[in-house]
Structures are given as structure tokens and as C-alpha cells.
There are 2 protein chains.
Amino acid sequence: MINKFCKQPLWECNKTLIAVAQGQQPAETVIRGAKLVNVCTHEIQEGIDVAISCGRIAYVGADAGHCIGPDTLVIDAQGSYLAPGFLDGHIHIESSMMGAAEYGKAVVPHGTTGIYWDPHEVANVVGLAGVQVMVEDSKRTPLKAMVTTPSCVPAVPGFEDTGSAIGPDEVRETMDWDSVVGLGEMMNFPGVLAGADHPLGEMSATLQADKCITGHYSIPETDRGLNAYVASGVRSCHESTRAEDALAKIRLGMYAKFREGSAWHDLHDLAPAIAQGNLDTRFCCLISDDTHPHTLTTVGHLDHILRRAVQEGIDPITAIQMVTINTATCFHMDNELGAVAPGKCADLVLLDNLTDFNVSLVMIDGDLVAKDGSPLFTVAEASYPDWITHTMHMAPGQVITPESFAIPAVDGGGNPVEGDAATVRVMEAIPARVGNYERHLRVPVVDGKLVSVPEQDILKCFVFERHHGTGSFGYGFTTGFGIRGALAQTVAHDAHNLLVVGSNDKDMALAANTLIECGGGAVAVCDGEVRGLAKLPVAGLMSDAPLEVISEQAAGLAKAWAEIGCSMPSPFMTMGLLSLACLPELRLTNKGLVDCTTFQFVPLVVEEERAPEA
Amino acid sequence: MINKFCKQPLWECNKTLIAVAQGQQPAETVIRGAKLVNVCTHEIQEGIDVAISCGRIAYVGADAGHCIGPDTLVIDAQGSYLAPGFLDGHIHIESSMMGAAEYGKAVVPHGTTGIYWDPHEVANVVGLAGVQVMVEDSKRTPLKAMVTTPSCVPAVPGFEDTGSAIGPDEVRETMDWDSVVGLGEMMNFPGVLAGADHPLGEMSATLQADKCITGHYSIPETDRGLNAYVASGVRSCHESTRAEDALAKIRLGMYAKFREGSAWHDLHDLAPAIAQGNLDTRFCCLISDDTHPHTLTTVGHLDHILRRAVQEGIDPITAIQMVTINTATCFHMDNELGAVAPGKCADLVLLDNLTDFNVSLVMIDGDLVAKDGSPLFTVAEASYPDWITHTMHMAPGQVITPESFAIPAVDGGGNPVEGDAATVRVMEAIPARVGNYERHLRVPVVDGKLVSVPEQDILKCFVFERHHGTGSFGYGFTTGFGIRGALAQTVAHDAHNLLVVGSNDKDMALAANTLIECGGGAVAVCDGEVRGLAKLPVAGLMSDAPLEVISEQAAGLAKAWAEIGCSMPSPFMTMGLLSLACLPELRLTNKGLVDCTTFQFVPLVVEEERAPEA
């Protein structure tokens, strides 16, 4: 597709490139003496020079001496590896808790030169207007922030209340935006498999605009359902969690995006799909999906995922192809991005080796943008409109107190349960995975209420609607977090209502009120005290502060989580999925508990005839 | 890009495919029990079923039993190999001497389901109007005949007179045609390297339409010039004749199209670029460029080239990728073509094995179109407008006689040469190659004329302008054909003027007049007798007769060639390049002899101070 993410379209500057390549006009920049990671041929070429002008590559070869003039910037690569800049094929900026510009500042020094991002978190809260705010923000850094229009806002219509909604008309409108290169993850695969008008209408608008539909097929079924999903026109999927899922997808010509986010560590299980054997890996990509700020500032972004891929036995050049040429080809942008080759955008990185992938230099559109881990650009303080920083729209007069967290001990028909205990559906979080389990566990009945069992790690969980002041809320139980106290966050996928988990009602109330007061964020409370708080006033999802500040807040929050008992990696993210009703098996929204294998609301109390598991 | 070559756009029929894949609606066709050549993963999958509806693939998997209804056509593959239909990434239909529909009839039974064709022969004679006639003709068969707009008409402006011309405006106009998917081979690489407005304007129009520029870079230079050419935006090239050329191109991210035409046998020399080693071959394709009718009816088309590729040591699945997914990706049509995968067009073949590549069944858009080497469709007799079948526009009153072939023995300044012999520039044809050599040989001077030396195979060569009746002509000598008598043809690349080669002036006159009379074609004459004639009245390039007739005529012509002394493979094609002034080293147009390494007219007689070679 036409690439709007360049300094100049090729048709405006190819005459210059032609002259530079032949030494008739000096290059703006020449890199000398690199080991080229050639992603086109899957080989390392030693002693390669690259000449650059107009933000594009003019020459790649053994000697670019003829391209050097008096004003040419000459960079001695000193034998470093030169690779195309890294592309993340599926990412939600909001998960980093940063604005788009701060995100760029965080990832560019790690070698990321382009992202295909799905702003569906902000869209759920404040719609396309919010997306536009983020797009404008993204333009303040050199990072190529290529948008896929959110397809599932709400994620699971009818099962949750969001701040906004997107349908075929909105998708069609955005296909004309310069920033939009495709459709965001089509999570509504049940709707697709049912041939529903809403998802198919959005996909139709995308296909008619000749853009790429990105997918989300998160069930282990790889035969009829997967075939139907691929046949619908979805070109990629990042939801494989088993090697056989990824293999089934690439066999069907679907791009399988191997995910390694802060909280979802799929690479270990996925790598065997391609680490052994001699399969063609052109349909494989590496992506992050959701990355925590602390991950970005400490271990990194795609550089870290490359490191992990190699640790898991994937060939290093193959791994680099998975964040460069393969990703660009998925979006039909391989004529412009994803390779160090003449005519293409001069988006590239220098690396010390192909094990650690330490990035020493990053160039985007021919400009040096990062060196030795630091950005060479600055980002002024963000300025957001008021409507996007004030999105805690609770019901008028709604006061959250410990009593708000009482759970009536009634069955599905509304009748009081008998006895001093009841079997309830419990969401069991799985560390480092997006899926969860539905467990049936016994909780006590006290004064007609179901209560938590902290000593067995059975905690209460509430979701309060926060967009339209309806006052609605859902409740249930969760296990797996192991905390004492309470946690709350307005990052609660994808509707981003106010999610609260806790071992006691007083701490839960404090946690909820703390976030209502500060405009959203994430908080950890214990014994009536706020132990960690990340303020995220931008749509209740992102900070308006610089990277360093939010990273510190997030680190403080992580520390608080650990102090009150949680040992999960990035538990904040796992908790945020408790409300995402398109992931198996059991989820909670502001409308109630959802069985995400049958897509039905289910009562909290399990019918008596069913025997408890434990 | 949006694929106009399908039964229905995906967005109109994906709902049906979704239902079929899940067994909720019966498929139109199901193929059972095939060995799938999976070009996405480079593997063979045993026991694969494929379900098809709306001309597209709905399901690929272990068991499509659920897709079978009472009216479903079930095809038992009996363990045959199932592969995507073959795509020829660069082809000139006119070289087959057939119209587009007859061409489809010839190649589809060999497994070809799509071609990327450059109608630049017909465009040189009758312009875009002629292209439109061919496009309409092509629609009479199921073959997907995807046009790349001719970029170089004339091929080498200023060096020849053609019937028509194409420039940036015409290219821009055609980019809106449903049939056009790119720009035809940019043979004017000297113009590109010089940054000339004409080629860059055409390329700009193509890039702005987000379509693919196909290339033609026929010199062995692989550094500055090739970089400049690739940087200009050219995405592919089929002119590599050495392994190192092809390798240099794929390293620069350019699609290298390995050619094996009737007369150009490049595969033997190119295959080592990828047959050894472990390079990624995604940028490699197999193409035919020009194929003689007899080749098509006897050895085949891409099936033959696959066979040859495997003989030359290329892995068979890799070879199949080179005529399927790689080619489709080059044109950004891989979302629609080039793989047996859900949602894609049901263009596929059944093969007996991966050595002989005998095609037993061909399907295009879900329809059975060929079986056991025969088409399952018929093509009515062609009907062409008069203006395209009457294109021998000689000068009014121009009569070609033996005297027309007198060559004055004068030097570059027009002064008579002294002595009884002179050293002249001779075009030496190279069997099975597009290039030729410039030789300096002695010919006698008799009565102030330079004469041929048949016993040393030094023959006269003439090119008469035939488009605008200007009466202009060029002359020279050629060697390598070894004939006694004369040959003439109006297939004389790319201007397609009237080309005559011969050992004596009488036969040459008879050959020329025979073609003038029949509206163009190719003829072999000896001792005052027409020994073989292929009548090609359509633009003087193609027959208006069915495949069987033209194949027989072409076979007769080939026999005649051999009888009068030529042992070259497809000499007709090699002869037709004598006039193509964009190929090295020496060529003859109606305007004179051209040095194709410096792009200058050169005198026939070599300056005295230069010593003869032999």
C-alpha cells in the first residue's frame, strides 16, 4: 500500500537516489563497514556500506566511497551488524501506560522504528476522537506509528458497557486516514464464524480499501473454525499459545505473530513450531501486544523479544526477519519497509551481536534517532484536551463504600442459597497467559452474603461502569493473585470500567475511590493504606507524565503488588484481562459473569446438582 | 492490490465461505485425498481435502466430509500432488504467435492459471488500442491475464520507428484499467540511470497507483548501476543471465525472475544462485518471457520450466514457490493468489509427481478448466477489427526487389571504401541467449557494394520501416544463423518492422514480399521457393487462426529453418532480437546499426585503423 510513513514518497525522490547511487551527487549519510543482516536472502554480508539520501537508501554494496561528499555524515559501523529497523506487528500503546509520544521515546532506542498499533483501549473509552488525539501525539516522535482501526469496540457487544462504539461506518471513514493501514484485531471471531453483519461489514470496508485485516483467534480449534476465520479475509493472528496453533495458521497462509509481552510469554511454547525442522517462516512474526513500562525501560522491546527468540532456539536471522520483512509483507508495505535495500526507507539499526541484540544506533528515515540506548530527540510535555483526562463518569451521587462490595448469596433465579457455604464460579488467573480457568470452589455464606476466602486466595472481584454514569456493576470471585488487601484499576480490558479485586471490602473501597479521585489508573491498597499508585488520567489508561515518571510509578506499583503477596509476572496486566469477555474461560464485566466458551452470562452460584471440583 | 481477477471479491462471498468451512452450507466442489504442496510453509502435507465455493477456497484440512452436500462435485485426488495454479511473472503473449485467447487455451492445460503479461509488441505496432483488443480477447478464456502496461514503446526512442508510442500520460491512464496490475519491463535502464523524465514519469504514475514496476536490467554491472535502478522503484527483473546477477538482485530486495523461454535458456546458469546453499528464495521466480507455439504444444509452459528447474538442482517445492506465492507477492496479490489457502482464489493444479510435473487437472476460480492436458473450455474463432489485421504500411509505390538489398561500400563519412574488401560490424547471434556479440569481419567489395559471404555465414540483414510508410530502412550483416536462402519476419523486436536476413538478394526480396502480401508473419525462402510460412496478420505478430493451425505453421517454419541450415533452438526468436536496440552488443533498426553498449549509431564499415579480429 502507499506508505505515508516516509520523509518523501519514492516517486518524488528517486531521481536523487539514482544520482547518489552512481556517485553523481553526494549522499547525506554513509554507513561504512557493517555486517549486513540481509533479510531478503537470509545471510550475513560482511563489509557492507550503505548510502542514504532523502530518508531513503540509495546504495548497498561493498564500497560507497563514491557517495561521500564534503557534507556527507560518515558513520563507521566498525563491523557491527546492520539490520532493518524493527517493526512490531501488533501492539497497544495504551498498555504501556504512556502516551504515544512517550512510547516512541521508550521503544525507539531499543531499535523499534515502526509499530502497527491498535488503539482499541482508548477507543473503548473515548472513541475515534481519542484515537485522533493519540495519532497526533504519536507524530511528535520519529517512530512510525501505523494504526489499525479498532474493530471490536465494544469487544463483546452486549456483554459490557463501553464509553464508545465502532462499527462498519466508522471503519470505512478511517480507511481514508493517512495513519491507518488496516483493521485492528478482529477479536469477535465468534461473530465472524456466525457470519454476523457487524464484523463482516468492518472487514468488507477494510478489504475494499485494500488494507490488511489483523486477527485474534484465541481458541485451540485449528480445523473448521480456523479455516472459516482465515477464509473471511483475516490475514494475521497473534493469539497462538501452542506451537500447533501457530503451525496451523502459517499452513493456511495466515501470518502467525508470536507474542512475547510483559505478561504473556508465548515464545517458549511457540518457538518449537519453527525452531526445529526446515519450514519456510515467511508467515511468522514476533510481536509484543502489550508491554508494561517497566519492561520497556529495563529489558526492552523487540530487542528483548529477539533475544528471547534466539534463546528459544530460533535462528537469529530468521528472528530478525520476523520483525522486519515478514511484518512489512503482512501489511503489503515491504516495498517501503523491512529491508536494507535501495529505494526503501532508511530505517535501520546497528547491533553488537545476534545473541544479545544490543542496539547501538537507530536511524529512521535517514535521521539518527537513538544512540547507545538513548533517544536523540526530545518530546515536549504532553498537552491533552480536558475531555480525555476526565473520564471517570460515575453515576451522580454514587458513593463507593465497603458496603458496595456485598455479594448476595442467591442462585441464578435470585433465590437465597441454603446452608453456610455455596459453590461459586471462580476466575483462576494463569501467570503469564491471557487465558484463565473457570473453577468451581466453595465460599462461605455469612449473613446472606457470599464472602471471600483470603486464606485460600479466593478474592472478590467487582467491575463498576464508569463511562455513562449508569451505576451498573458486576461481581464474582477470582483466584491466582494471592494478595492481602485490594487492587483496583481502570485498565480493565476492553471496556476499561473500574475493576476492583480484594480480600476485604474496606481496602476495596479505598482502592476504588482512590482511582475515582485521580481520574483513573492502578492502585494497590493494604490495611487501609495506599501502597502503590500509577495515575493514568488520559482516558484512565495512560499517564500524561514523561516516561521516567510513569515508569517509576509503575515500578512502585509492581513493588506494592509483590509486597501484598503477588508473585505473578506483570500481574497488573493479567488482572486487567479479568474483564475481557472474548478470552477463555470465565470473565467478569459490569454486566455480570460471562462464560467465554459459550458466550453466555452465567450465575455466580453453581447449580446444586453440579459437584464441586475441590 | 485489489484483485479484479476473481469470480467474486472476497468481501461479497466471505459469508458463504465461512459457512462452507464449518459445514453449514455444502461446498460446490471438494477435492479429497491430495498431497498438498504447501507453498506457505515449504512442505508436503499428506491426505489433504480442499472445499471450494464462489470460486474460492473455503477449507483446507484433513477432512472436508462436512462440506459435501448432494450437489457437491467431489474429486478424488488419489494421492496426487495438489499445488497452487502456476503464475508466469513475465510473459509476452505475442511471442507465441497466438492471440490471447488461443494462448490461454495453450497454457492452461499445462497448469498456468495466471500470467503477468506485457503486451509491448502489439503496443509498438498499434498502441493502446491494440492492447485493448488483446485484453478483450484474453477474457474469452479462464486464464487470468494480468497486464503490465508497456513502458518502452518505442523500446529505444530515437533509434527506431514504431507504429505507436507510450509515455507517462498513457501509463497513468491505464493504471485505472481493471486489467492492469503494474508497469511492463522498464527496458530503458539507461534512461532510468540518467534520471530521464520519460521513464521516471511512467514509474511515478505506477508508484502513485500503488502498482508494481517490473524491470529489465540486462547488463552484468551489479553495483552502482543496479543499485540506482533498484532505488528508482523497480521491483523485479528477468534479465539475469549469470548466477551472480540474480544473486545481486535478490540481495538488494529485487525479485529475480529466472527465465527459461523457448529461445533463452537461462536456468542452467542461474540455478546455482539458489540450488546450493541455504538462501531464502522468496525473491526468486520462474518465468518464460517468450515462448514459441511449438514449445507450448510439445514441452509445455511453466510445467516444463519447473521440470527444468528441478533438473538444474532447485528443490521442487522451492521451484513451485517460484511460480506461485513468490510471484503473487511480487505483485502484492498474495492475499488472493499463489497459495492453496482459505479465502484465496481456487486456482490450483493436480500433479503426478514433483519431477515430471505432469498436470492432470487445472482449476481456475473453482471451475475445472483442463484435464489430462486438454482444455475443458472452447474458444470461438477470433474476430479482429480490420485495422489490426492490416498493418503492413509500406511506403506508397515502394517495391522491394533484389536491388533493394544492395549495400553501398562506403565508410562512416559516406566515402567509398578502397580495395576489394572491407571490415564491417557484424551481429553475431548466440544460440539460446538474448545477448549478441559485435564482430569485426571482412566482406568483399563488388562493384562498389558490400556483399554477403555465405560460406563464412556472413549474411545481409535489412530492416524496413512498415508502420508509417516512410520507406526508411537500415542494413548490416549478421552471423550465427548458418542458412542458405532468406528469412524474413515482422516479429522484429520491439518496433516490429520488416526484418530480412539472407545469403542472396533474390531470396531476400521474395521473403520480404511474401510477408508484405500476407499482412506479416515469418517466412523461410530458399532457391526462389517459400519453404515455410507462418502468417501473422494480427499486427504482423499474431495469427488469427486457432492454436493447432499456428502451431503447425510454426513447426513447418522451424522445419524449413533447419532444412536451409540453421541448427539454433528457436532461431525465429533469436533473429527477432537482431533489431532490439536495448540488448547488448550490436543491433540493427530501420534507422541503422546501434552500438547497444554506448547507445550510439555506428557506421557499418569499421575505421581503417582498427585491425580486423579475424
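Residues numbered from 1 in each chain as written. Chains lettered and ligands numbered in written order. Predicted model: local features only at pLDDT ≥ 70, side-chain atom pairs only at ≥ 80, totals over all residues. Heavy atoms only, no water.

**Observations regarding the pattern of salt bridges**
All names here are of chain A. Filter applied, for reference: Should a side-chain nitrogen of Lys or Arg be within 4 Å of a carboxyl oxygen of Asp or Glu, the pair is scored as a salt bridge. Starting at the N terminus, helices and strands are each numbered in turn, a helix being any DSSP run of H or I of at least four residues and a strand any DSSP run of E of at least two. Partly exposed residues are those whose accessible area sits between 20% and 50% of the maximum for their type, while under 20% is buried and over 50% is exposed, using a 1.4 Å probe and protein chains only.
This model, assessed by the stated rule, comprises 62 salt bridges over all chains. Note that Glu239 and Arg259 form a salt bridge whose closest N and O atoms lie 3.1 Å from each other. In this pair, Glu239 sits in the loop between β11 (236-237) and α8 (243-251) while Arg259 sits in strand β12 (residues 255-259), placing the two residues 20 residues apart along the sequence. When its relative accessible area of 0% is taken as the criterion, Arg259 is described as buried. Here Glu428 and Arg439 are joined by a salt bridge, their closest N and O atoms 2.6 Å apart. Here the residue Glu428 occupies a position in strand β19 (residues 421-429), and Arg439 occupies one in strand β20 (residues 436-446), the gap between them amounting to 11 residues. Residue class for Arg439 comes out partly exposed when judged on its relative accessible area of 26%. Through salt bridges with shared partners, one network takes in Glu239, Arg259, Asp266, Asp269, Asp289 and Arg433.

**Considerations on the side chain of Thr295 of chain A**
Filter applied, for reference: Residue contacts are counted whenever heavy atoms from the two residues lie within 4.5 Å of one another.
The topology assignment puts Thr295 of chain A in helix α11 (residues 293-298). Excluding its chain neighbours within four sequence positions, the residues that come into contact with Thr295 of chain A are Ser262 and Gly300 of chain A.

**Quick look at the sheet that holds strand β29 (residues 592-595) of chain A**
Selection rule: Strands were regarded as paired on the criterion that DSSP finds at least two bridges between them.
What the three strands build is an open sheet, ordered β28-β29-β30 (chain A); its pairing is antiparallel. Taken across any chain shown, the strands that pair with only one partner, and hence form the sheet edges, are β28 (586-589) and β30 (600-601) of chain A.

**Concerning the sheet that holds strand β18 (residues 407-408) of chain A**
Residue and element names in this part refer to chain A. So the rule is basically this: Convention adopted: a line fitted to C-alpha atoms gives each axis, helices being fitted over their contacting stretch, and angles between N-to-C directions are expressed from 0 to 180 degrees.
With mixed pairing, 10 strands are arranged side by side in an open sheet as β18-β21-β20-β19-β23-β22-β25-β24-β26-β27. Strand pairing shows two members of the sheet lacking a second neighbour, β18 and β27 (529-535), which therefore form its edges. Across two bridges, β20 lies against strand β21 (residues 449-450) in antiparallel orientation. In the sheet register, Val445 faces β21, and the bridge partner there is Leu450. The sheet contacts of helix α17 (residues 547-563) involve β24 (486-489), β26 (521-526) and β27, and relative to β27 the element is tilted by about 145°.

**Some words on a nonpolar patch on the surface**
Residues and elements named next belong to chain A. Quick note on the threshold: A patch consists of residues exposed above 30% relative accessible area that lack any salt bridge, with like charges linked at up to 9 Å and nonpolar side chains (Val, Leu, Ile, Met, Phe, Trp, Tyr) linked at up to 5 Å. Exposure was quantified through the Shrake-Rupley algorithm and a 1.4 Å probe, taking into account, for residues, occlusion by the shown protein chains and nothing else.
Residues Leu73, Leu368 and Leu376 make up a contiguous nonpolar surface patch of about 240 Å² in total accessible area. Summarising the element assignment, Leu376 is placed in the loop between β17 (374-375) and α15 (386-389). Judged by its relative accessible area of 49%, Leu376 is partly exposed.

**A word on the packing of aromatic side chains**
Keep this limit in mind: Stacked, edge-to-face and tilted labels apply to pairs of Phe, Tyr and Trp rings (six-membered ring for Trp) whose centres lie within 6.5 Å, assigned for plane angles under 30 degrees, over 60, and everything in between, in that order.
One pass over the structure, following the stated rule, counts 26 aromatic pairs over all chains. With a centroid separation of 5.6 Å and an interplanar angle of 90°, the aromatic rings of Phe405 of chain A and Phe464 of chain A are classed as edge-to-face. Of this pair, Phe405 of chain A sits in the loop between α15 and β18 while Phe464 of chain A sits in strand β22 (residues 459-464), placing them 59 residues apart in sequence. On the basis of relative accessible area, Phe464 of chain A is assigned to the buried category, the value being 2%. Ring geometry for Tyr217 of chain B against Tyr229 of chain B: centres 5.3 Å apart, planes inclined by 35°, an arrangement best described as tilted. With Tyr217 of chain B in the loop between β10 (212-215) and α7 (224-231) and Tyr229 of chain B in helix α7, this residue pair connects regions lying 12 residues apart in the sequence. A relative accessible area of 1% places Tyr217 of chain B in the buried class. Relative accessible area serves as the criterion here: at 0%, Tyr229 of chain B is assigned to the buried category.

**Examining the environment of Val60 of chain A**
Along the polypeptide, Val60 of chain A turns up in strand β3 (residues 56-61). For the pair formed by Val60 of chain A and Leu302 of chain A, sequence separation is 242 residues and the distance between their alpha carbons is 25 Å. Dropping the residues within four chain positions of it, Val60 of chain A is found in contact with Leu36, Ile48, Asp49, Val50, Val340, Ala341 and Pro342 of chain A together with Asn227 and Leu252 of chain B.

**Regarding helix α16 (residues 505-518) of chain B**
All names here are of chain B. What counts here: Each residue after the first adds 1.5 Å to the expected span of a helix. Polar contact is the term for a pair of N or O atoms within 3.5 Å; when the atoms are in protein, one must be able to donate a hydrogen and the other to accept it, and sequence-neighboring residues count only if both atoms are side-chain atoms.
Along its 14 residues, α16 runs 20 Å from first to last C-alpha, staying within 8% of the 20 Å computed at 1.5 Å per residue. Where α16 is concerned, the buried positions are Asp507, Met508, Ala509, Ala511, Ala512, Thr514, Leu515 and Cys518. The N-cap residue of α16 is Asn504: its side-chain oxygen and the backbone nitrogen of Lys506 are 3.3 Å apart. Of the residues trailing α16, Gly519 is marked for its positive phi of about 85°.

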